[in-house]
Amino acid sequence: MGFDFQVIVDSLPFLWKGFQYTVQLTATAAVGGLFFGTLLAMARLSSFKPLAMLAAGYVNLMRSIPLVLVLFWFFFLMPLVLQGITGAERPPPIGAERTAIITFILFEAAYFCEIMRAGIQSIARGQVHAAYALGLNYWQAMGNVILPQAFRNMVPVLLTQTIILFQDTSLVYVISATDFLGAASKIAQRDSRLVEMYLFVAVVYFVLCYLLSWLVKGLQRRIAVIR
Amino acid sequence: MAMIEIRDVSKWYGAFQVLKDCTTKVEKGEVVVVCGPSGSGKSTLIKTVNGLEAFQKGEILVNGIPVHDPRTNLSKLRAGVGMVFQHFELFPHLTVRQNLALAQVKVLKRAKDEADARGVRYLERVGLAAHADKFPGQLSGGQQQRVAIARALSMDPICMLFDEPTSALDPEMINEVLDVMVELAKEGMTMMVVTHEMGFARKVAHRVIFMDHGQIVEDAAKDDFFGTPRSDRAQQFLAKILHH
């Protein structure tokens, strides 16, 4: 049984569906994670200590447990919790795709939080003073002066984190969601074509991630010139 | 009623006292220069006036409004008090035009066109209308500081605070900024200016305050300050900076 390219070609439509799901999950988790991560970062830097501690606790918790475990929590344990709350007869299933979205947004928020925190802290104190001196309030100063600069400074790191996220989404395989790797895996099992499928998937991941990293590096250089 | 009234203001960083019972006032239309060696607390003092620095004791009134009162709407008070910083602090991600319009639109709720027109008018005043669409990073230090002054003026402030406005500038750019400030002083703007530029003080100041170790050591009319009767510390300081 030699290497059969035809297997890959035949399964392309199915793989494409899985790939679309992977991209969709990555994009949703990146946007959601960035949004909640930014709020978390603001909370961590808040002068109101309980809020800062709560945010820090959340971030440290998320960063100290494996991602697979968080996936399991939501997939297997959350229904039990919901059952306890609602008093339903059977644990209401959350479903693989919803579990994946919720988990990745919550998990990535912790990592994006730390990036945005560094970004906010990289802005000189004088900028904050200037914004306040003009009469801007906290939210106006954040939204118009601090966050746009913090975000711009952090674009390369944020993109690098998103590339890692793109690879990490393949973990949804453990809750049987059909992402790119999941799709390839299903065909590999069905047709006993493990070599073709797992090699093809690896090549696609490698080419994409390598290309993206290379683009980020170029972007980094361009931003460095502007400053 | 004085425009700025500072009464017995003290401030501590932990156990270290940076301001010690500072009391002074700036009348409407008055130009007051604050000088003193570095670390004397003069920058801290001027930043307490619009509440950028908190203080633990004493009170400050700006146009009768208490800065130290937690019920005071600080943003509203600050919007009426222009401030110019040592390092300009223009917003680098916005063009000069956007820098001038931002707070007018967000804080004073002016229409975009109106804010823009007003901003350009002040840019013309400081001689920089041609640079409206550049980013701050494309301007020289002196130009940036003039934009910063225009930005503060476009909010129609009732008084202006200057925190070492020329200290970060190359020598050949200092005068272009001082010229704008002198003009402003002559128009009757109320100004509190932390600076080492004694030429500026001589030309337009009404009073000069000398600070050392967090204390106001001397608070005198300009002619008295530059005349003979004054404290030893102020004399030594003047001798050092007037030499060159």
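Remember, it's a predicted structure, so these values are computed and weren't measured experimentally. (Residues numbered from 1 in each chain as written. Chains lettered and ligands numbered in written order. Predicted model: local features only at pLDDT ≥ 70, side-chain atom pairs only at ≥ 80, totals over all residues. Heavy atoms only, no water.)

A. Broad picture of empty space enclosed by the protein. Taken as a whole, this structure holds two cavities of 30 Å³ or more when the rule is applied. By volume, the largest cavity amounts to about 80 Å³. Surrounding the largest cavity, 14 residues form its lining, Ala133 and Leu134 of chain A together with Gly82, Met83 and Ala152 of chain B being those nearest its centre. The residue makeup of the lining of the largest cavity, split by class, is eleven nonpolar, one polar and two charged. As a volume, the second largest cavity reaches approximately 40 Å³. Every residue along the wall of the second largest cavity is listed here: Tyr122, Arg125, Val126, Leu153, Val180 and Glu183 of chain B. Mapped onto the lining of the second largest cavity, the elements with two or more residues apiece are helix 4 (112-125) and helix 6 (171-186) of chain B. The class makeup of the residues in the lining of the second largest cavity is four nonpolar, no polar and two charged. (1 Å grid on protein atoms, 1.4 Å probe; cavity = no way out; pocket = protein on both sides within 12 Å on 5 of 7 lines; lining within 4 Å. Points joined across faces, edges and corners; volume = space filled by probe spheres on them. Nonpolar A, V, L, I, M, F, W, Y, C, P; charged D, E, K, R; others polar. Helix = DSSP H or I, 4+ residues; strand = E, 2+ residues; numbered from the N terminus.)

B. Geometry of the sheet that holds strand 4 (residues 57-62) of chain B. Residue and element names in this part refer to chain B. If you walk across this open sheet you meet the four strands as 2-1-4-5, and the pairing is antiparallel. Of all strands in the sheet, those bounded by a partner on one side alone are strand 2 (16-26) and strand 5 (65-66). Note: strand 1 (residues 4-13) against strand 2, seven bridges, orientation antiparallel. The residue bridging Ile6 from the neighbouring strand is Thr24, located in strand 2. (Pairing = 2+ DSSP bridges.)

C. Here's a closer look at the pairing of strand 1 of chain B. Residue and element names in this part refer to chain B. Taken together, strand 1 and the strand that follows it, strand 2, pair antiparallel across an intervening segment of two residues, in which Gly14 is found at a positive phi of about 65°. Sheet topology places strand 1 next to strand 4; five bridges connect them, and they run antiparallel. Opposite Ser10, over in strand 4, you have Lys57 as the bridge partner.

D. Molecular detail of the confidence of the model for chain A. Here chain A shows a mean pLDDT of 90. Residues at 70 or above account for 98%. Considering each helix and strand of chain A separately, the mean pLDDT is smallest for helix 8 (residues 194-226) of chain A, with a value of 86, and largest for helix 5 (residues 125-133) of chain A, with 96. (pLDDT = per-residue confidence, 0-100.)

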